[in-house]
Amino acid sequence: FHSANLAEQLWLNPNARDEALAFFRAYLKPGDKVVDVGANIGDTVLTVSEQIGPSGHAWTIEPHPRTFGFLQDNLALNKVENVTAINSAVGVSTGKVSFSDNRRDDMNRVGSGELEVPVSTLDDLVDYRAPIALLKVDVEGYERPVIEGAKSLLSHVQCIHFEISQTHFGWFGYQVRDLLQLIESAGFALFRIPENGRIESINADYETSAVENLVGIKDFDDFRQRTGWILCD
């Protein structure tokens, strides 16, 4: 147990994240390759590791130094051998960025706070150019720079699971539409998840006031075969 917001939630309710993790359990298969940007203490990547098995591999990336230490501890505690953990922020260039150090550590983000952490592009951090089943991005509003720095990697990605929030994106001067257009231009069709087991087609004009996870898919037949999820009207 670490004194982290997510760890405390799971201490009180071990099933608190089951609904959020259902997508990863449905989609991922043994042997898959996965990139996880915004790992926090590792509950998502631990689920990923279990799903992809010893023949799969995941790269999990977390910039906050204390949270990254918790992530490493949790990987070691669970004897995980199919995950590479990387301590860095992700953006459009290489260098240093400021980073927050809030008590609610799952809300820490680029550009706010006194910490200074390394930053690099996803293309540089993950040196793998073969099929990648899933790219997951949850970085509190910094999603567009992450995608902009992954042009080479994206050509190998089959599916993107990413968070949108107009409030969070506003911190960095862009709109939801800007990110959705960027992902569409990389060859992905856009979908929202009204509930687990169902998926709904959207386009780059999609608007919501909520913080929501969306999915970009290159081959919907492959997605449907993997998950068994229903495309709703």
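Below: a short report on this structure. (Residues numbered from 1 in each chain as written. Predicted model: local features only at pLDDT ≥ 70, side-chain atom pairs only at ≥ 80, totals over all residues. Heavy atoms only, no water.)

Looking at the sheet that holds strand 6 (residues 115-120)
Part 1: One open sheet accounts for 3 strands, arranged 4-6-5; its pairing is mixed. Each edge of the sheet is formed by a strand with only one pairing partner; in this case those strands are strand 4 (89-90) and strand 5 (95-99).
Part 2: Bridge analysis of strand 4 against strand 6 gives 2 bridges, and the strand direction is parallel. Looking at strand 6, one finds that Ala89 is bridged to Val119. (Pairing = 2+ DSSP bridges. Helix = DSSP H or I, 4+ residues; strand = E, 2+ residues; numbered from the N terminus.)

Some details on the environment of Tyr142
Part 1: Assignment of secondary structure puts Tyr142 in the loop between strand 7 (134-137) and helix 6 (143-148).
Part 2: Its relative accessible area of 15% is what places Tyr142 among the buried residues.
Part 3: In this structure the C-alpha to C-alpha distance between Tyr142 and Ile164, which are 22 residues apart in sequence, comes to 9.8 Å.
Part 4: If we skip the residues at most four places from it in the chain, Tyr142 touches Val90, Gly91, Val110, Phe172 and Tyr174. (Buried < 20%, exposed > 50% of the residue type's maximum accessible area, 1.4 Å probe, protein only. Contact = heavy atoms within 4.5 Å.)

Considering the environment of Asp221
Part 1: Along the chain, Asp221 turns up in helix 10 (residues 220-227).
Part 2: Distance from Asp221 to Leu75, taken between C-alpha atoms, is 33 Å for residues 146 residues apart in sequence.
Part 3: Only 3.0 Å separates the side chain of Asp221 from the side chain of Arg224, close enough to count as a polar contact. (Polar contact = N/O pair within 3.5 Å; in protein donor to acceptor, adjacent residues only side chain to side chain.)

Brief notes about the packing of aromatic side chains
Part 1: Under the criterion given, the structure shown has 11 aromatic pairs.
Part 2: With a centroid separation of 5.5 Å and 90 degrees between ring planes, the pair formed by Phe23 and Phe24 is classed as edge-to-face. Taken individually, Phe23 and Phe24 each receive the classification buried, so the pair is uniform in this respect.
Part 3: Measuring from ring centre to ring centre gives 6.2 Å for Phe23 and Phe223, while their planes differ by 25 degrees; the resulting arrangement is stacked. One end of the pair, Phe23, is in helix 2 (residues 18-27); the other, Phe223, is in helix 10, with 200 residues separating them in the sequence.
Part 4: Under the relative-accessibility criterion, Phe23 is labelled buried at 2%.
Part 5: Residue classification places Phe223 among the buried residues on the basis of a relative accessible area of 1%.
Part 6: In this structure an aromatic cluster arises from ring pairing among Phe23, Phe24, Tyr27, Phe191, Phe220, Phe223 and Trp229.
Part 7: A cation over an aromatic ring shows up here: Arg109 above the ring of Trp171, its NZ or CZ 3.8 Å from the ring centre. (Phe/Tyr/Trp six-rings, centres within 6.5 Å; stacked < 30°, edge-to-face > 60°. Lys NZ or Arg CZ within 6 Å of the ring centre and 35° of its normal.)

Things to note about the side chain of Glu143
Part 1: Take Glu143: it is sitting in helix 6.
Part 2: Buried charge without a partner: Glu143 forms no salt bridge, and the closest opposite charge is Lys136, 8.8 Å away.
Part 3: A polar contact of 3.0 Å, which involves the side chain of Glu143, links it to the backbone nitrogen of Val139.
Part 4: Leave out the neighbours within four places in its chain, and Glu143 touches Val137, Asp138, Glu163, Phe169, Tyr174 and Leu179. (Lys, Arg positive; Asp, Glu negative; His and termini not counted. Salt bridge = Lys/Arg side-chain N within 4 Å of Asp/Glu carboxyl O.)

Let's talk about the pairing of strand 11 (residues 212-217)
Part 1: Most of strand 11 is tucked away, with 5 of its 6 residues classed as buried.
Part 2: Relative to strand 11, strand 8 (residues 159-164) is paired through 6 bridges, and the arrangement is antiparallel. The residue bridging His161 from the neighbouring strand is Val215, located in strand 11.
Part 3: Sheet topology note: the strand 9 (residues 189-195)/strand 11 ladder contains 4 bridges and is antiparallel. By the bridge assignment for strand 11, Ala189 is matched with Ile217.

Remarks on a nonpolar patch on the surface
Part 1: Taken together, Phe1, Trp11 and Leu12 make up a surface patch of nonpolar side chains, about 470 Å² in accessible area.
Part 2: Looking at the secondary structure, you find Leu12 in helix 1 (residues 5-12). (Patch = residues over 30% accessible without salt bridge, like charges linked within 9 Å, V, L, I, M, F, W, Y side chains within 5 Å. Areas by Shrake-Rupley, 256 points an atom, 1.4 Å probe, with all protein chains shown as cover.)

A short note on the sheet that holds strand 12 (residues 230-232)
Part 1: One open sheet accounts for 9 strands, arranged 3-2-1-7-8-11-9-10-12; its pairing is mixed. Since the sheet does not close on itself, it has two edges, and those belong to strand 3 (83-86) and strand 12, each with one partner. Neighbour to neighbour, the strand axes of the sheet diverge by 25 degrees on average, direction disregarded.
Part 2: Pairing of strand 1 (residues 33-37) with strand 7 involves 4 bridges; the strand directions are parallel. (Axes fitted to C-alpha atoms, helices over the stretch in contact; angles between N-to-C directions.)

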